[in-house]
Amino acid sequence: MSRGGRGAVAPHARGGDMEQSSPLPSQDWFQETFTQYDYGGQISAARAREFGRLSGVTYLDHGGATLYPHSQIHHFYRDLAENIYGNPHSGNIASRLTHDTIDHVRCRILQHFNTNPEEYTIIFTSGCTAALKLVAESFQWTCAESGESRSRFCHLTDNHTSVVGMRGLSVPAGALTLPVNLDKIHRDKNTLHKKISMAKEENCRIHHLFCYPAQSNFSGTKYPLSWISDIKLKKLYPFSRIPGTWNVLVDAASFVSTSPLNLSLYQPDFISISFYKIFGFPTGLGALLVKNESGHMLGKKYFGGGTAASYLSSEDFFVPRQSVSERFEDGTVSFLDIIAVNHGFDALERITGGMQNIMQHTFSLARYTYVLLSGMHHSNRSPVARIYGDNEFEAPDIQGPVINFNILDENGDIVGYAKVDKLANLHAIYLRTGCFCNTGGCQQHIGITNEDVKNNLKAGHVCGDTLDMIDGRPTGSIRISFGYMSTFDDAQTFLKFIIDCFVKQPVCFDKDILSKLTSYGTMKQKGDSWTENFTDEDIVSVREVPSEIAVACSQGVEMSPYQRLSDNPSEWNKNPATSKLISNGSNLVTLTNIYLYPIKSCAAVEVKKWPIGKHGLMYDRAWMIANHNGICLSQKQEPRLCLIHPYIDLEQGIMTISAEGMDTIMVPLEEVGKQYSLQVCETKVCGDRVKGLNCGEEVAGWISTFLGRQSCLFRQSSDFQRVMKKHKQDAVQGQSLTQSPSLSLVNEAQYLLVNRASILHLKEQILQRGGSCDLNSAEALTTEELIHRFRPNLVISTVRPYEEDDWAEMIIDGVSYLFQIVGLCSRCQMICINQGNGKRSKEPLQTLSSCRDRKMTFGAYLFHQLPATSVRSAFLTVGSQVIVKNKEPPAGQ
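Per chain, residue numbering runs from 1 following the sequence as it is written. Where totals are concerned, whole chains, interfaces and linings use all residues; where local detail is concerned, this predicted model gives features only for residues with pLDDT of at least 70, and gives and counts side-chain atom pairs only at 80 or more. The basis for every side-chain value is the complete set of heavy atoms in the structure, and neither hydrogens nor water enter the calculation.

### With respect to the overall build of the protein
Then step 1. Along the backbone of the protein there are 24 helices and 42 strands.
Then step 2. When accessible area is computed with a 1.4 Å probe and restricted to protein chains, residues below 20% of their type maximum are described as buried, those above 50% as exposed, and intermediate ones as partly exposed. Counting every position in the protein, which comprises 893 residues, the buried fraction comes to 55%.
Then step 3. Partitioning the contacts of the protein with sequence separation of at least 6, the portion at a separation of at least 24 is 74%. Where helices and strands are cited, they refer to DSSP runs of H or I of at least four residues and of E of at least two residues respectively, numbered from the N terminus. The contact rule is simple, with two residues in contact once any of their heavy atoms fall within 4.5 Å.

Have a look at this one:
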């Protein structure tokens, strides 16, 4: 079910701590209206004390992983520092301490879910997925030739991948798989059929398993816990029509992160959870809660350390331990992580007072955000968002603090989730995009058919990638989720981000926005706080709006396009796609600049003439800086990398590295000497595994001192071959490749080209939008500074901007072989780092996202193929003329 707004009118926000032009309510109004927000006025202090690392960050991916508080880690560390915890399978004093602490944590978990050891047993696992897998491989499936005599594994289609994947174990065990949509589950009113069915089942020994999420990880919908008893009693269709007994497995990982689960009222046979969803730490620890009377439904073949009462190695003799947990916890449990859970409970209760408070707090934020987002409109009254859900966020009993949506432009077209994600990162807003490991939920809400999924795979889309639109249709969506430490500022920052980046101004809201906002929590009367001094006929916008437009919108009058405000700049004519070769001897296309970047993500070296090697420009991205774990660093994580200046001396065969306040250091260009004989290592660059050589402790110490973090310098090994990704090779038009292009430590291709005309056009757009204020100073908005932000290898100059988008091939004067275009460069927040001082801004990415028909590409990727017979080096030279060939027009045009 998806929702978009209707209407276009909103009340004007006045006063409070918001900017005067903001259409959003103030925090004072919010807290007066949503009285169940906050924990007795403690959230601000707790946020500052426990989550100081969130300063300047809006974290909205609690559905993926919530965050641990400082005090939890502090108390856990102190616990480990003061106590000796031994292996719980030993019998010494240290081991007994571990054993007793684990038992205490088991009891505390059961107490948290309002049950006890007489009712449920806890089996610790590596996570929720492992718990689900344990059930799938251990459940007593009934296998028979007759379909009527076989077990069913039934699951709701809106389920996590880890649930659907259970069929990989249930089917070989003989069970039939039965996926069920929500609309197919209902009360079975055929009493006669039920009586006949019950009579047949007196001697029936077939066992079935139904699995559903207590809360959808896609939409946040809470499915009825009453289903548990209704299914076991066969009150619901289709379960009532299938002979046999039904067991129920509840995936509670998403639900228990912000909601109380009362196992004294609702008693499924099995419950799977992950603790990092609740506490943020520890990761890699989950549990399967097993109802004791259902423990016999789990059989076991493998036995590991600690699970045997007795066994023989020379004979097939094995007797398992009696308790369910001891039988299924193979080997030594992750006992230090289990101890950390104890400190997680302490911190949660100390900060919030319990799960009921967390549910009310997070739902208040989710409802507020949902109502404003669903009621938000562009100036033409078209909705800003399409929200995917099954309810209107009426109450926390039916909806969790999760909002799933896609952004719509003023024409009603979906804005790809990858673009939204990039801009969100630019604003330090962390959310999640894609299908969230829930293909069924994604299909149900977005309208993706089975055939669509298969066709999307053929088009190159796989789970977790950024291919967000195929044939104009979305492959996924955007999800925000609130956690127990989320605040009003988080919701407000997110809404302001949507308004600033995606709304065709002026922003408008539904007429009934007030009644929706105040229908949950304390009802507000006219004259109170946010609602005073205005009526439902008022119009609000981020900018001042002419009164005649406000009146027309409030009265539902369609405005003439000549009367509406418009900030669209004039469009440049693009070069038409032809197959003709264009010779630009009249200075239309010229190579104006050459840059190489010897150390990946560090400063550029500008040259007038430079040799071409097998990977592109010689020594371009031949080195990289890695952290203490061997992970490649980029300016995204460490902006000060741009302040490290390498310089290549070809005659001396050395690279010198300098930075302000540091002595210069030298590194040999070739793999000789002690610098390169210390360590061979492997790491990843843009998903590719690469082999490199450690350049030694001296340069590592230099870099570590400058960056203030342990780092080292790696050089790509000369005997390691890295080739361009297949999808890039497939993008080459009109020519089959004789060999795969060889790459250095670049991300995508051998060369990156940008056009000065395109830079100038973008600069003009930034100035028109007033974005130069975000570039730290007026002096920063220069053509050269913008060029440096895009970090090209080759800069060309044409008459019109974005001509390079239509090119297929290039010939550069002085080089005897072709350069081929393999696609456009999709831009991220790295272009928002000033290469002169390392400071971040929101431009030019924010303007780029709005001025190119929603495309966030800028610049073209190139590669060359050195002829096999080439024996001499080729050089690129500034001032060279360029001959280009345009792409062939699509067939039929």
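Text resumes after the structure shown.
### Quick notes on the packing of helix H13 (residues 355–374) against helix H17 (residues 488–502)
Then step 1. Geometry is summarised by axes, namely lines fitted to C-alpha atoms with helices restricted to the contacting stretch, and by angles between N-to-C directions that run from 0 to 180 degrees. H17 packs onto H13 with a crossing angle of 15 degrees between their chain directions and a minimal axis gap of 10 Å. What the angle tells us is that H13 and H17 run roughly parallel. The two elements H13 and H17 cross, and the hand of that crossing is right-handed. When H13 is examined against H17, the residues Leu-365, Tyr-368, Thr-369, Leu-372 and Leu-373 are found in contact with a partner set consisting of Phe-488, Ala-491, Gln-492, Phe-494, Leu-495 and Ile-498.
Then step 2. Partitioning the contact of H13 with H17 into residue classes produces nine nonpolar, two polar and no charged. Here the angle decides the label: under 35 degrees means roughly parallel, over 145 means roughly antiparallel, 65 to 115 means roughly perpendicular, and every other value means oblique. Each crossing is labelled by how the near helix is turned from the far one, with a counterclockwise turn of less than a right angle marking it left-handed and a clockwise turn marking it right-handed. Ten residue types, Ala, Val, Leu, Ile, Met, Phe, Trp, Tyr, Cys and Pro, are classed as nonpolar, four, Asp, Glu, Lys and Arg, as charged, and the remainder, Gly among them, as polar.

### Here's the deal with the packing of helix H22 (residues 756–769) against helix H23 (residues 783–790)
Then step 1. Interhelical geometry of H22 versus H23 gives an angle of 110 degrees and a closest axis separation of 10 Å. Between H22 and H23, the interaxial angle falls into the category roughly perpendicular. Together, Arg-756, Ile-759, Leu-760, Leu-762, Lys-763 and Ile-766 of H22 and Thr-783, Glu-784, Leu-786, Ile-787 and Phe-790 of H23 make up the contact between the two elements.
Then step 2. Its residues assigned to classes, the contact of H22 with H23 shows seven nonpolar, one polar and three charged.

### What to know about the sheet that holds strand S9 (residues 245–251)
Then step 1. Spatial strand order, S3-S11-S10-S9-S7-S4-S5: seven strands in an open sheet with mixed pairing. Taken across any chain shown, the strands that pair with only one partner, and hence form the sheet edges, are strand S3 (120–125) and strand S5 (176–180). In this sheet, adjacent strand axes meet at a mean angle of 20 degrees when their direction is disregarded.
Then step 2. Pairing of strand S10 (residues 270–274) with strand S11 (residues 286–291), which is carried by five bridges, proceeds in the antiparallel orientation. Across the sheet, residue Ile-271 finds its bridge partner in S11, namely Leu-289.
Then step 3. Along the sheet, helix H4 (residues 93–112) makes contact with S3 and S11, crossing S3 at roughly 120 degrees. By this definition, two strands are paired if DSSP reports at least two bridges between them.

### Remarks on the side chain of Asp-409
Then step 1. Structurally, Asp-409 is set in the loop between strand S16 (402–408) and strand S17 (414–415).
Then step 2. The exposure class of Asp-409 is buried, given its relative accessible area of 10%.
Then step 3. Between N or O atoms, a polar contact is any pair within 3.5 Å; within protein, one atom must be a potential hydrogen donor and the other a potential acceptor, and residues adjacent in sequence are included only when both atoms are from side chains. For Asp-409, the side chain forms a polar contact with the main-chain nitrogen of Asn-411, separated by 2.9 Å.

### Looking at the sheet that holds strand S30 (residues 645–649)
Then step 1. Strand order across the open sheet formed by three strands is S30-S31-S32, with antiparallel pairing between neighbours. Looking at the sheet topology across the chains shown, the edges are occupied by S30 and strand S32 (665–668). The sheet shows a mean angle of 25 degrees between the axes of neighbouring strands, direction not considered.
Then step 2. Each of strand S31 (654–658) and S32 touches helix H20 (residues 697–707); the most contacted strand, S32, lies at about 135 degrees to it.

### Some details on the environment of Leu-423
Then step 1. Relative to the assigned elements, Leu-423 resides in helix H14 (residues 417–426).
Then step 2. Overall, Leu-423 belongs to the buried group, its relative accessible area being 0%.
Then step 3. If we ignore the near neighbours within four places in the chain, the residues touching Leu-423 are Phe-497, Cys-501, Phe-502, Leu-845, Gln-846, Ser-849 and Met-856.

### Some details on the pairing of S9
Then step 1. Burial runs high along S9: six of the seven residues are buried.
Then step 2. Pairing geometry for strand S7 (residues 207–213) and S9, over seven bridges, is parallel. Bridge pairing links His-208 to Trp-246 in S9.
Then step 3. Relative to S10, S9 runs parallel, the two sharing three bridges. Paired with Asp-251 across the strands is Ser-272, a residue of S10.

### Points about the confidence of the model for the protein
Then step 1. Note: pLDDT gives the predictor's confidence per residue, expressed from 0 to 100. A residue-level look at the protein finds 81% of positions with pLDDT of 70 or above and a mean pLDDT of 84.
Then step 2. Across residues 5–21, where pLDDT falls below 50, the model places 62 contacts with residues more than four positions away in sequence or in other chains.
Then step 3. For the stretch residues 522–587, pLDDT sits under 50, and the model shows 128 contacts to residues farther than four places along the chain or on other chains.

### Notes on the pairing of strand S39 (residues 819–826)
Then step 1. Bridge count for strand S38 (residues 807–812) against S39 is two bridges, and the pairing is antiparallel. Bridge pairing links Met-810 to Phe-819 in S39.
Then step 2. Here S38 hands over to S39 after six residues, with Gly-814 in that stretch at a positive phi of 95 degrees.
Then step 3. Judged from the five bridges that link them, S39 and strand S40 (residues 857–864) form a sheet pairing that is antiparallel. If you follow Phe-819 over to S40, its bridge partner there is His-864.

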